[in-house]
Amino acid sequence: MKTSFVIRRTMVSFLIVFFSLEAFAQTGFEEWKKQRQQQMQDFKEEREKQLEQLSKQFDDYIKEQDKAFAGYLAERWKQFQVFKGVEPPDEPKPDIFPSYEEPERPIPPKPLPTIKVPPLITPKFVPDPILPRVMKSEPQEFAVTIAEINFYGVLLPFEYDLNLASRLSGEINEEAISKQFELLSATNYNTLLDQFYDYREQMNLNDWGYYMFVRKAADQIAGNDSNSARFLTWFLLIRSGYLTKVAFYENEIFVLLPVINQVYSRNYFTFNNLNYYMMEGDQNNLFTYENDFPEAHRLFDLNVNSVLAIGDQSSAYQFRFTFEGNETPINVNFNSHAIDFYKDYPQSDIKVYFDAMVSNELKTSLVENFAPLIQGKSELEAVSILLRFVQTAFDYKTDQDQFGFEKFFFADELFHYPYSDCEDRSVLFAYLVRSLIGLDVVGLQFPGHIATAVGFTEAVNGDYLIFEGKKFVMADPTYINAPVGLTMPDYVEIEAEIVPLGNKFGNAKYERELWEEVLAGGGNRGDNQSDLIVGKDGNILITGYFDEYFRFGAINQTADGNAAMFSMLLNSDREPVWFNRSTGNGKAVAYSANFDEQGNALVTGTFSGAITLGKQSIQTGGEVDIFLAKFDRSGHPVWISKAGFDTIHQDNFLNFVAKFSADGHHLGNDLYFDSKDFNQFGIKTGSGGDIFITGAFNRNTGMNLKEAGFASGGEFSVIEMLKEENDKLVQQKYEKTIAGLFAAVHLIRTSDVSIPGKDVQILFDKYNPSFKKEFPNIYNTIGSIVFLKNKDGIVTIKTSNSKGLNIDMMRVDNEAKIKIVMLSSGDARLEVLSGVRVGKAIFWYNLNYVVMYRQNGNMLFDYDTDNAQQVRNLKNDILY
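Nothing here was measured: the structure is a model prediction, and the numbers come from that model. (Residues numbered from 1 in each chain as written. Predicted model: local features only at pLDDT ≥ 70, side-chain atom pairs only at ≥ 80, totals over all residues. Heavy atoms only, no water.)

**Thoughts on the overall build of the chain**
The secondary structure content of the chain amounts to 19 helices and 42 strands. Buried residues in the chain amount to 58% of all 880 residues. In the chain, 66% of the contacts between residues at least 6 apart in sequence involve partners at least 24 apart. Accessible surface for the chain amounts to roughly 36600 Å². Of this, 46% is attributable to carbon and sulfur atoms. (Helix = DSSP H or I, 4+ residues; strand = E, 2+ residues; numbered from the N terminus. Buried < 20%, exposed > 50% of the residue type's maximum accessible area, 1.4 Å probe, protein only. Contact = heavy atoms within 4.5 Å. Areas by Shrake-Rupley, 256 points an atom, 1.4 Å probe, with all protein chains shown as cover.)

**Focus on the nonpolar core**
The biggest cluster of nonpolar side chains holds 223 residues, and the ones touching the most others in it are Trp234, Phe389 and Phe415. With 10 residues, helix H12 (residues 422-437) is the single largest residue contributor to this core. In this structure Phe415 touches Tyr317, Phe319, Val332, Phe334, Leu362, Leu366, Phe389, Phe394 and Leu428, once residues within four positions along its chain are discounted. Ile533, Met565, Ala588 and Leu613 belong to the second-largest nonpolar core, a separate cluster that totals 19 residues. (Core = buried A, V, L, I, M, F, W, Y, C linked by side-chain atoms within 4.5 Å.)

**Some points on unusual backbone geometry**
Not every positive phi belongs to a glycine, and Ser265 is a case in point at roughly 65 degrees. Mapped onto the elements, Ser265 comes out in the loop between strand S5 (252-258) and strand S6 (268-271). Of note, Lys733 is a non-glycine position whose phi angle comes to about 75 degrees, a positive value. The exposed category is assigned to Lys733, whose relative accessible area is 66%.

**Points about the pairing of strand S19 (residues 540-546)**
For S19, the tally of buried residues reaches seven of seven residues, placing the bulk of the element in the interior. Neither face of S19 is open: one carries Ile540, Ile542, Gly544 and Phe546, the other Leu541, Thr543 and Tyr545, and all of them are buried. Remark: five residues form the turn of the hairpin made by strand S18 (residues 532-534) and S19, two consecutive strands paired antiparallel; Gly538 in that turn has positive phi of roughly 90 degrees. Looking at chain direction, S19 and strand S22 (residues 564-570) are connected through seven bridges and run antiparallel. Counted as the bridge partner of Ile542 is Met568 from S22. (Pairing = 2+ DSSP bridges.)

**Brief notes about the sheet that holds strand S16 (residues 470-475)**
Spatially, S15-S16-S14-S13-S17 is the arrangement adopted by the five strands of the open sheet, whose pairing is antiparallel. Every interior strand has two partners, whereas the edge strands, strand S15 (464-467) and strand S17 (497-500), have only one. When the angles between neighbouring strand axes are averaged without regard to direction, this sheet yields 35 degrees. Where strand S13 (residues 440-446) and S17 come together, four bridges link them in antiparallel fashion. Note that in S17 the partner of Gly443 across the bridge is Val499. Running at roughly 15 degrees to strand S14 (residues 449-455), H12 makes contact with S13, S14 and S16 of the sheet. (Axes fitted to C-alpha atoms, helices over the stretch in contact; angles between N-to-C directions.)

**A few points about the pairing of S15**
The two faces of a sheet get side chains in turn, since along a regular strand they alternate between them. Alternating positions in S15 separate cleanly, Leu465 and Phe467 being buried on one face and Tyr464 and Ile466 remaining unburied on the opposite face. As defined by bridge partners, S15 adjoins S16 across four bridges and the pair is classed as antiparallel. Paired with Ile466 across the strands is Lys471, a residue of S16. Two successive antiparallel strands, S15 and S16, enclose a turn made up of two residues, where Glu468 displays a positive phi of approximately 50 degrees.

**Here's the deal with the packing of H12 against helix H13 (residues 504-520)**
Across the interface, H12 lies against H13 with an axial gap of 7 Å and an inter-helix angle of 10 degrees. With respect to their mutual orientation, H12 and H13 come out roughly parallel. Contact residues: H12 offers Tyr431, Arg434, Ser435 and Ile437, while H13 offers Phe505, Gly506 and Lys509. Residue classes in the contact of H12 with H13 are distributed as three nonpolar, two polar and two charged. (Parallel < 35°, antiparallel > 145°, perpendicular 65-115°, else oblique. Nonpolar A, V, L, I, M, F, W, Y, C, P; charged D, E, K, R; others polar.)

**Comments concerning the pattern of salt bridges**
When the charged atoms of two side chains lie near each other, side chains of opposite charge can form a pair. Inspection of the entire model under this criterion finds 35 salt bridges. The partner of Lys343 in a salt bridge is Asp340, and the shortest N-O contact between them spans 3.7 Å. Placement of the pair is Lys343 and Asp340 together in helix H7 (residues 336-343), with a separation of three residues, close to one helical turn. Asp527 is paired through a salt bridge with Lys819; the nearest N and O atoms lie 3.1 Å apart. Residue Asp527 is found in the loop between H13 and S18, and its partner Lys819 is found in strand S38 (residues 810-822); the two are separated by 292 residues along the sequence. (Salt bridge = Lys/Arg side-chain N within 4 Å of Asp/Glu carboxyl O.)

**A few points about the packing of aromatic side chains**
Counted under the stated rule, the structure contains 70 aromatic pairs. Considering the side-chain rings of Phe58 and Phe673, the 5.4 Å spacing of their centres and the 85 degrees angle between planes classify their relative orientation as edge-to-face. With Phe58 in helix H2 (residues 26-73) and Phe673 in the loop between strand S31 (666-672) and strand S32 (682-685), this residue pair connects regions lying 615 residues apart in the sequence. Taking NZ or CZ as reference, Lys397 lies 4.0 Å from the ring centre of Tyr419, over its face. Above the plane of the ring of Tyr549 lies Arg551, whose end atom (NZ or CZ) is 4.3 Å from the centre. (Phe/Tyr/Trp six-rings, centres within 6.5 Å; stacked < 30°, edge-to-face > 60°. Lys NZ or Arg CZ within 6 Å of the ring centre and 35° of its normal.)

**Focus: helix H9 (residues 360-374)**
Given a rise of 1.5 Å per residue, 15 residues ought to cover 21 Å, and the 21 Å separating the end C-alpha atoms of H9 matches this to within 8%. Along H9, 12 of the 15 residues are buried, which leaves the element largely enclosed by surrounding structure. If you check which residues of H9 are buried, you get Asn360, Glu361, Leu362, Lys363, Thr364, Ser365, Leu366, Val367, Asn369, Phe370, Ala371 and Ile374. Directly after H9, the chain includes Gly376, whose backbone phi takes a positive value near 75 degrees. (Expected span 1.5 Å × (residues − 1).)

**Overview of the sheet that holds S18**
Sheet strands associate in pairs through backbone hydrogen bonding, adopting either a parallel or an antiparallel arrangement. With respect to topology, four strands assemble into an open sheet ordered S18-S19-S22-S23, the strand pairing being antiparallel. Bordering the open sheet on either side are S18 and strand S23 (576-581), each of which pairs with just one other strand. Taking the axes of each pair of neighbouring strands and ignoring which way they run, one obtains an average angle of 15 degrees across the sheet. Sheet topology note: the S22/S23 ladder contains five bridges and is antiparallel. Bridge pairing links Met568 to Phe579 in S23.

**Remarks on the environment of Glu517**
Mapped onto the elements, Glu517 comes out in helix H13. Measuring from C-alpha to C-alpha, the distance between Glu517 and Arg551 comes to 9.5 Å, with 34 residues separating the pair along the chain. Those residues in contact with Glu517 that sit more than four places away from it in its chain are Phe552 and Arg574.

**What about the confidence of the model for the chain?**
With 88% of its residues at a pLDDT of 70 or more, the chain shows a mean pLDDT of 85. Below pLDDT 50 for its whole length, residues 1-11 participates in 42 contacts with residues either more than four positions away or in separate chains. Taken together, the stretch residues 16-29 has pLDDT below 50 and engages in 56 contacts with residues farther than four places along the chain or on a different chain. (pLDDT = per-residue confidence, 0-100.)

What follows is the structure in structure tokens.
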């Protein structure tokens, strides 16, 4: 199914234009080749020696660790009592909710009764930050077999080590489990996990989705042997870093998941202040162990923070609702595979449903239907339209009448099932308001009823409450035809619990506007992940760099000729509380920030040369290094320290962890092989106060740079070089249609170029004359573009007239910035730091990144704050 907006052929054509360049002199090309050959020769021996050394250390460590854990598993396990699962709230609900009729006199607004906030369900046990996994080496070739699973309607193949199919046999006890752990530990399991991580990324699966994927794969590998399948599920989960336990009772294996959310109707036992839930089985007693696998730290989180992309099976449903006398048809598409996925979802706390994202199909459908209806409306008018739709478009029936038990709906499910009740409608209404309008919403949990209240930014009358200093006005999605501000009569005097929601859309809109103001003042982003943090007091910590000037409010700074890092704390009104920057003849690029427990600011980034912060200075040796700086609550520098990576060759794909004490002493570094599942880069604090900086040499801005400059002028075309690189990649089994794009990406990443758009037009005229006829708007726009790459590894898209560009479904600002990241798999990731949006008409989303896959020609586009994703194949979907 083709999507109706965002990712289309013209967009990818623009990316092809972006990387299809010719403008180097003959002398520049030859010099570049010599430099690259010399670099490869210089680094090859040292890099291979370093990696071999690291691999041996890991193999020895894992071998000893596995041996020790297998011995521990063989010891006598303890018996634990299992508690019966907590049932979901099931207070009686009305069979029919009242309809509102316009009174002769309007009801005056009133404050709602005292509202209480329920305690958040969070684990009392707080583990240390998640670090990369230590992985053993595996041979390139070993005996494998191919299997396929049906993951909620999508057939997904994978290959695995034949020895992973080993079965548990005989009596299930400590000794049998220890032996099975040893046997599976000797297999090549990382090759299988890498495939799982790829599928997880492509489908945007959360922790529960990954668990179900592993469970289905383990069932396929183990056949009909449930004990072997459950044991393999546990084994693969702990090897994925999850803090999971295996247990047994009466010759049956059970997997126990520590979940940070409330889980209903599943038996559990509590250990170390964590609830471990049985997702299969209902035993009252279990035998299990106490000490966890050393490399397992992750807890399971049921929140659906990203858009699910499980296949593209779309189902359609038509609704009609009337607002202000106008009947409006609404044609909604939703993902049927997502509905199947949610059928297996454990029942959890209502907040999980309120905060969940929707499927790609539903997201697109809701925008296309409602964006035109609310365009140009006031906040009250827009919210009223959405409220009326949810109130009147669905038939009401309680869960007890429809299912025989209490069941909360995710928003997608309202469009699948014939009936819904109050909490389901509140979930959908909250999503619509937050995603389409960007306003804060809270849930209101009355006895036997759930409603919502909206945090308007304009004056709106009606029943209201004050929460965290902000006014929220009642909006009840189940009170049929009731306007905003009116509480259902039976609940006017009833106390409710507030359900605070995480408004990712509203926060993202605010952060986007703030960054646009910073960028307009000369600031730049060093990354697009964790450079803006909101503290507990509502203040905002933002960090980045500037290479010419920086102006924000009363702040007016000039760079010293090199990039300077900056850190700035703003209050909720976007007014600077404090500002600080680096000085010196070196350059520094900040890209991540965080607060410690005392509210001090922590900032990290890369630097080279000598930089000064306050009265302290640091300096690099031969390579780029990592800095970590601490500022007190007034913004004064407390200390700045370096990690010492300037003595390490960075031409590799290693992850790293730099550890510092709370007073700034560098405690050491650890290196890890690249793991596809690890993406938690930035600043983390441990339970003991230590500070961890996690990153990767191929991912961190400013590191692993291999730039080569070219002489200006001349008539030589780099097509020959691109052809040479393209042919080499095809021989390396890159998919033919995408090999040329990869060749261009490799070139621009390793060169310092400035390409006039007019030359690109000449390139198309000569080698692809049909492009001008097929895409005239893009062709004409190209003439006003200049492509640049700065010395920090960031590609800048610059226009000759300093104005932004509109290219079909994409908008590109002048000075838009993109970072190219090459992955250890050979794939490429284009990370958008600023200035590129995708969309249609009145709704535009920030493009986060694009991943290019070398083996099949797929391109994955990730956009918006909910990480909506779409995959297009260069051969089948674009170059058709």
